[in-house]
Structures are given as structure tokens and as C-alpha cells.
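# Structural overview
Now for the letters of each chain:
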2 protein chains.
Amino acid sequence: MVRAYAATRPGGALTQTEVALAPLGDDDVEVVVEHCGICHSDLSMLRNDWGSTTYPLVPGHEVIGTVVARGAHVDALRVGQRVGVGWYSRSCMHCRDCLGGDQHLCAEAQSIIVGRHGGFAERLRVHWAWATPLPDGLDPSTAGPLFCGGITVFNPLVMTQQCPTGRVGVIGIGGLGHLAVQFAAAWGCEVVAFTSSLDKTEEIRNLGAHRVVDSRDPGALRHMARSLDLIISTVNVPLPWDHYLAALRPNGRLHLVGAVLEPIPTPAFALIGGQKAITGSPLGSPATVMDMLEFAARHHIAPVVERYPMSEVNRALAHLESGQARYRILLDADF
Amino acid sequence: MVRAYAATRPGGALTQTEVALAPLGDDDVEVVVEHCGICHSDLSMLRNDWGSTTYPLVPGHEVIGTVVARGAHVDALRVGQRVGVGWYSRSCMHCRDCLGGDQHLCAEAQSIIVGRHGGFAERLRVHWAWATPLPDGLDPSTAGPLFCGGITVFNPLVMTQQCPTGRVGVIGIGGLGHLAVQFAAAWGCEVVAFTSSLDKTEEIRNLGAHRVVDSRDPGALRHMARSLDLIISTVNVPLPWDHYLAALRPNGRLHLVGAVLEPIPTPAFALIGGQKAITGSPLGSPATVMDMLEFAARHHIAPVVERYPMSEVNRALAHLESGQARYRILLDADF
């Protein structure tokens, strides 16, 4: 049994409790949690927005911790090694997608917080492939959010093979978006940030954006017509999608990582004429996580965090829900 | 003045008339029309479905003919050369898209049948870059439909760099789809044809499809889940898009070339989970047309046509409208 913060019903407060760890499988490692970021999808899971939550729910999937035990078949990690853990807890490792390096697209991939418990806990267990060692030069005390928010916005740059000569837009400059701006700027691209919080403008520029556009101003959006190669949408609310599709250059791509529930009405003509795309992706593969960590270390990219002791998790969640977090909330384990 | 078949009002019959040729620009060639395919977009333009038709309208944009005159700056073509002409009549040739080889995506690109007259005529004039010489080994008497229907379904294979190990679905086995099946099969892919006309099954297999699926059978569509890398939709009516998105493998792409007017309701989750894409494209660039013609010649790919003399164009249009054409209608000029 380990101490953990769990909700027992949809939308309920988290209370400290004891939960049983899943058995340590031959391919699993056990990790002592040191820090854990809070992602908006922790809120969605708490409220059962997606219908996949089982209670008691222990959220948390942006974990930094240290390996304290490993299963019989684990060669890749050693006890004492510091690792990060994100959304996934395992995948089958033998299907075409896993063997092809797309383990995150495996039909059998499992979350760390669906049917098992996540990082708001003393310890967790996870398949070794989903616990990634931190490279030198990366600060463990802030790296947690890279493992969900970070990889979610880094993966689109990799999977689209974004050319550094291109222009990248980022919609929503929050937990994901503020990392997307940093990654895209370090990637060499011109970066345009779309935000409804213009009071963040100076900060967003300091993160690397070359331009900040008021996302609530239809005129400003129209002015962006035919200007961007890739737009990464990190928000989960409906947007004036027609304006963003028009803001794409020929061959441009509107890429969704924000889990907006309302279907996007997509006019075929808006895609056909300019050879455009609407695409999406979830997090990324373990290999892409490795590349992201090295890239972040090389370019001194780090989440901008507000810290809470894990014992104040409910206050932290309320702050996230208020929309005022700048830019990611991080819990420090204090069991 | 040249003789031509023109409509004077939306949906009206074509009548033979005389129309003035646009002046022969320095970069233009004049082409005597020998054959011209009929595309469904000729019908759409006749009915002014897209709001861009000007009357009198002379349709026709799948032309095979011979160069009989050229402007002062034309070096690429010579008088007497046999060429094909498709949807486009010109592009600016100096913007980033034109210089980058994507002349068909130029913001100034113009159609051969919008504001000027098309191939249901004795002669037409067109910018030299949009009149492509036929390679040896390609039968001029059937090649016309390659210049719109053909390039429209060939371009997706090029622009997506489709791997020949992949599985390609084609929705709608008509003028475009019967060419898509041939191209995808010659490309080396496994080809699945989705059709509502199961009486075509044997013919579609002979075109190269490895499997023919009844597009009106929801169970058959569900059975295709997670099986295709690329689906090319050639139809212009709403489909059970959720089934087709589910039929994609991870990293799969639903590619629209059929100009369906009703927006496609696109659930973000359907794209995010499997890293999928909805994309579109119009025809293709002159360089891709050249590649297509050589590919078609090498693989003995040709449109399957039903022939009418151009003087029977109204009968031919009625046959197209009936949905019974197998698979492309071709007019032979008989002025």
C-alpha cells in the first residue's frame, strides 16, 4: 500500500488515502514520486468528462521520480536512476505500431491513470519503456510537465518534420502552449502566439514568440490569412476554425492536441483548394520523448511552473480550474 | 472567333455558337482540340453550384489537342506538338508557391473555364506551363481524362509520399476512382475499393483492386477498422465519415478530392488518438502532371471511356448525370 491523493466520485475533492500498487510485473519499474505536474486532462478525468474514469482515481501523469525496484526482465533502467513518466503506463511492445516505434499508437496502450493509479502518490509502477531517464542538464525539479504537456506539443514538430524555415502558430498559451512556443522558437521557426490573454504578451514574447495575436479579434485573425505552415491548437473549446484554416499557407496543417469535444465542421473546399490538413496527435513515442528531453536540455527549455506541496493538491486544482495558472502547476511530494 | 458549345444560363442545354478567343499572350499557346473528357465539375459549373460561373459558359477541361500557335516568349512547346490541358489556364509563375513547384496552389491560379472558355470548342488558348506534352506510349485518344480526373487522384499519392507497402482505399469508383484504383495498384499498394455499385465488382478487380467493399453496408465498413493508410474520397456527397476515420490505421489519412459541400463533422478525438489526418488537394502541379503521364505510360494505365462526338454533348451530359457512365465520358471534336 502507498499513500496517495484520490477522488472517490466525479468532481469530488482529493483526500489522502492508501491504495494498493499493481503487482510489479517482470517489465515494470517502481518509481518514488518526487514531483508531479497537473495537466488539464487530470481535471477532465476527475470529472469523468470522457467516460473512462474509474474511482477511486489517483490523478497525475507528469511525474519525476527515482527508480527503487525493477522487474526481472528490466535491463534498460537501474535502481537509483531518475526518470520521468507521462500519460502512458504500457503498450504491447510487439504489434506493428510498437515495433515500428509508435508505441503511443498501440491499440493496447494503457494510461497511467485509467484503471491504475497515477503520480499524486508516494510511488507508482510502470512498464520500463514509459519511464524515461533524464539527460544531464535538465532540471528534475521542473521537468515533470515535459512528460505530458511538453511531448504533446513537441511531437507535432517531429511527426510533421516541420522545416525550421516555416511559420508556426500556437493557439492557447497555457500549460501546453507556453512549451509549444519555446520548442517552435528553438526549432528555428517564426512563431505566432494566439491568446485571449493579452496581458501575457510580454511573457509570451520572452518565451520566444515573434508575434502575439489577440485570438478574440476576428479582424486580427483574418489578417493572418495564408501566413502559417503549422498551427498547433492546444485549447479544448470550439474556435473560429474557418479563420484558422484560412490562416494556413498552401500545404499548411491545423494540428489538434487540445481535446475539444464538439466536432469541427470541416468544409472540404477549405482543405482541397490549398492542399491543407487537419490533423491530431496524442503525446509521443518513448524515442520522441528522449529526443525532446535532449532538445530541451540543449536549448534550456523548461516549463514555467507554480509550485504547491502535494498536500495542497485541492488548492492547486482550484487554481488550475480558475484559468490563472502561469503556466503549469507542479506538485512537490511531501508525504 | 471559334465554334464552341456554350450554355447561356444555369442548367441550360449547350448550343453551338461562336466565341472570341482571349488574346494570345506572350506566354500562351493556342491548341486545336481533338478530344475532351467530361468531368463532374463541368456539370457543377453548368449549374453554377459553386457561384463562380459566368455565362456564356464553354465547359471542358480534359483536353487533348495540338499546338497551332505560340506567344513570343514560349520556348517550351513547338507548333505541331500534341499536349493535354486540364483545369488550370495560368498561374502567376513568380510567387513563392509557383517558384516552389506548387503552381496549382498559386493564389492567382485561374481555371480554363472560369472567365474564359474551355475545351468544348474548336480551339483554346492557355499558358504554356499548363499545356503538357504527351510522352510516347500514351494513347492521345483516351488520355484527356488524365488531365483532371487522373491528376486529381495521382497527386495524393505523390504529395503524401505514399509507401508502396501501404494499403489504400478509394471511395467512389467513377471517373476519378477508377483511375485512383489503377494508380494505387501500379504504385504497389494493396487497394480496397468502396463502391455502392457492386455490379461493378468484377471490373473494379480487373482495374487492380484487391478487394471491393459495399459502401452502403455499415457492417462492412466497421469491419475495415484500423486497416488503411490512405483513403481517397472521390465522391461529393456526405458519407459516414466516422466509419472511414475508424478504418484508418494509426498515422492514416482521409484525403478528400471530391468537392462535398456539407462540412464534415470532425471529432478531435478521432484524429488525436491515432495521429490521423483529414486532408484535401486540387489536381496537381505541372511537374506532377509530367510524372503522372510517364507513370501511366509505363504501367499502361488509361481512362476507361465512353465516346461521343462533341456534337452530341447534351446527350453525353445527360448520360453523365444519370450516374451510369463507365467510367469517363470523352468527346471527340467533330466541328
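Thresholds applied
Residues numbered from 1 in each chain as written. Chains lettered and ligands numbered in written order. Predicted model: local features only at pLDDT ≥ 70, side-chain atom pairs only at ≥ 80, totals over all residues. Heavy atoms only, no water. Helix = DSSP H or I, 4+ residues; strand = E, 2+ residues; numbered from the N terminus. Rg over C-alpha atoms; globule rule 2.2 N^0.38 Å. Contact = heavy atoms within 4.5 Å. Areas by Shrake-Rupley, 256 points an atom, 1.4 Å probe, with all protein chains shown as cover. Lys, Arg positive; Asp, Glu negative; His and termini not counted. Charge placed at Lys NZ, Arg CZ, Asp CG, Glu CD. pLDDT = per-residue confidence, 0-100. Phe/Tyr/Trp six-rings, centres within 6.5 Å; stacked < 30°, edge-to-face > 60°. Buried < 20%, exposed > 50% of the residue type's maximum accessible area, 1.4 Å probe, protein only. Buried area = accessible area lost by both parts, 1.4 Å probe. Salt bridge = Lys/Arg side-chain N within 4 Å of Asp/Glu carboxyl O. Polar contact = N/O pair within 3.5 Å; in protein donor to acceptor, adjacent residues only side chain to side chain. Nonpolar A, V, L, I, M, F, W, Y, C, P; charged D, E, K, R; others polar. Pairing = 2+ DSSP bridges. Least-squares fit on C-alpha atoms with pLDDT ≥ 70 in both. Axes fitted to C-alpha atoms, helices over the stretch in contact; angles between N-to-C directions. Parallel < 35°, antiparallel > 145°, perpendicular 65-115°, else oblique. Domains from an automatic or database assignment.

On to the overall build of chain A, then. Scanning chain A for helices and strands turns up 10 helices and 18 strands. The globule rule puts the C-alpha radius of gyration for 335 residues at 20 Å, and the 20 Å found for chain A is close to it. Principal axes of the C-alpha set define a box for chain A whose edges measure 55 × 40 × 35 Å. The contacts of chain A with a sequence gap of at least 6 include a subset with a gap of at least 24, amounting to 66%. Summed over its atoms, the accessible surface of chain A is roughly 12600 Å², and 50% of this surface lies on carbon and sulfur atoms. Averaging the coordinates of the 26 positive side-chain charges in chain A and doing the same for the 32 negative ones gives two points 5 Å apart.

With that settled, consider the confidence of the model for chain A. With 100% of its residues at a pLDDT of at least 70, chain A reaches an overall mean of 97. Across the whole predicted complex the pTM is 0.96, and at the interface the ipTM reaches 0.94.

Here the focus is the packing of aromatic side chains. All names here are of chain A. Per the counting criterion, the structure on display carries 18 aromatic pairs over all chains. Look at phenylalanine 183 and phenylalanine 295: their rings are 6.3 Å apart centre to centre, the planes differ by 45°, and that puts the pair in the tilted class. Taken as a pair, phenylalanine 183 in helix H4 (residues 177–186) and phenylalanine 295 in helix H9 (residues 286–298) lie far apart in primary sequence, 112 residues in all. Per residue, the accessibility class of phenylalanine 183 equals that of phenylalanine 295, and both read buried.

The subject of this paragraph is the interface of chain B and chain A. Chain B puts 39 residues into the contact, and the matching count from chain A is 39 residues. Counting the surface lost from both chain B and chain A, the interface buries some 2900 Å², and carbon and sulfur atoms represent 59% of this. Three residues stand out in chain B for area buried against chain A, namely Phe269, Ile272 and Gln275 of chain B, and they jointly supply 21% of the buried area on that side. Between chain B and chain A we count two salt bridges in total. In this structure, aspartate 97 of chain B and arginine 226 of chain A form a salt bridge, with 3.2 Å as the shortest nitrogen-oxygen distance. Joining chain B to chain A, the criterion identifies 16 residue pairs in polar contact (both at pLDDT 80 or more). Residues of the side of chain B that touches chain A, tallied by class, amount to 22 nonpolar, 11 polar and six charged. One ladder, built from three bridges, connects strand S16 (residues 277–280) of chain A with strand S16 (residues 277–280) of chain B; its direction is antiparallel. Each residue of the ladder has a partner; that of threonine 279 of chain A, found in S16 of chain B, is alanine 277 of chain B.

All names here are of chain B. Most of strand S1 (residues 2–6) is tucked away, with four of its five residues classed as buried. In this structure, S1 lies alongside strand S2 (residues 15–19), joined through five bridges in antiparallel fashion. Considered in S2, the bridge of alanine 6 is made with threonine 15.

Here we come to the relation of the copies chain B and chain A. Note on the copies: chain B fits chain A at an RMSD of 0.0 Å, the axial shift is 0.0 Å, and the rotation between them is 180°. Look at the turn and shift together and you get a two-fold axis relating the two. The rotation axis passes nearest to the C-alpha of proline 265 of chain B in chain B, at a distance of 2.3 Å. A share of 100% of interface residues in chain B that are also interface residues in chain A marks the association as one of identical surfaces.

What follows is about the sheet that holds strand S13 (residues 228–233) of chain A. Strand order in the open sheet formed by 12 strands is S12(A)-S11(A)-S10(A)-S13(A)-S14(A)-S16(A)-S16(B)-S14(B)-S13(B)-S10(B)-S11(B)-S12(B), and the pairing between neighbours is mixed. In this open sheet, the two strands that pair with only one neighbour each are strand S12 (211–214) of chain A together with strand S12 (211–214) of chain B. The average angle at which neighbouring strand axes cross in this sheet is 20°, direction not considered. Where strand S11 (residues 190–195) of chain A lies against S12 of chain A, four bridges are found, and the strand directions are parallel. Bridge pairing in S12 of chain A places threonine 195 of chain A opposite aspartate 214 of chain A.

Turning our attention to the packing of helix H3 (residues 149–159) of chain A against H9 of chain A. Residue and element names in this part refer to chain A. For the pair H3 and H9, the least separation of the axes is 10 Å and the interaxial angle reads 100°. Between H3 and H9, the angle is such that the two are roughly perpendicular. Mapping the contact onto sequence places Gly150, Ile151, Phe154, Asn155 and Val158 in H3 and Thr288, Val289, Asp291, Met292 and Phe295 in H9. Taken together, the residues of the contact of H3 with H9 break down into six nonpolar, three polar and one charged.

Take serine 111 of chain B: it is sitting in strand S7 (residues 110–111). Judged by relative accessible area, serine 111 of chain B falls into the buried class, the value being 7%.

This paragraph deals with unusual backbone geometry. Trans is the prevailing form of peptide bonds, just as negative phi is the prevailing case for residues other than glycine. Between arginine 326 of chain A and tyrosine 327 of chain A the backbone carries a cis peptide bond, its omega angle lying at -5°. Between tyrosine 55 of chain B and proline 56 of chain B the backbone carries a cis peptide bond, its omega angle lying at 0°. Along the chain, proline 56 of chain B falls in the loop between helix H1 (40–46) and strand S4 (63–70). Of note, arginine 226 of chain A is a non-glycine position whose phi angle comes to about 60°, a positive value. Residue placement: arginine 226 of chain A occurs in the loop between helix H6 (218–222) and S13. Look at arginine 226 of chain A and you get partly exposed, because its relative accessible area is 36%.

With that settled, consider the domain arrangement of chain A. Quite often, the size of an interface is put as the accessible area lost when its parts meet. Residue and element names in this part refer to chain A. Looking at chain A, the domain boundaries give domain 1 (2–147 + 284–332) and domain 2 (150–280). Summarising the inter-unit geometry, the C-alpha centres of domain 1 and domain 2 are found 26 Å apart. Counting residues at the interface gives 21 residues for domain 1 and 23 residues for domain 2. The largest share of the area that domain 1 buries against domain 2 comes from Phe295, Arg326 and Tyr327, three residues that together contribute 34% of it. Along the contact surface separating domain 1 from domain 2 lie two salt bridges. Of the charged contacts in the structure, one is a salt bridge between glutamate 203 and arginine 326, with a shortest N-O distance of 3.6 Å. In this structure, the connection of domain 1 to domain 2 is made through eight residue pairs in polar contact (both at pLDDT 80 or more). Of the residues in the side of domain 1 that touches domain 2, the class split is 13 nonpolar, five polar and three charged.

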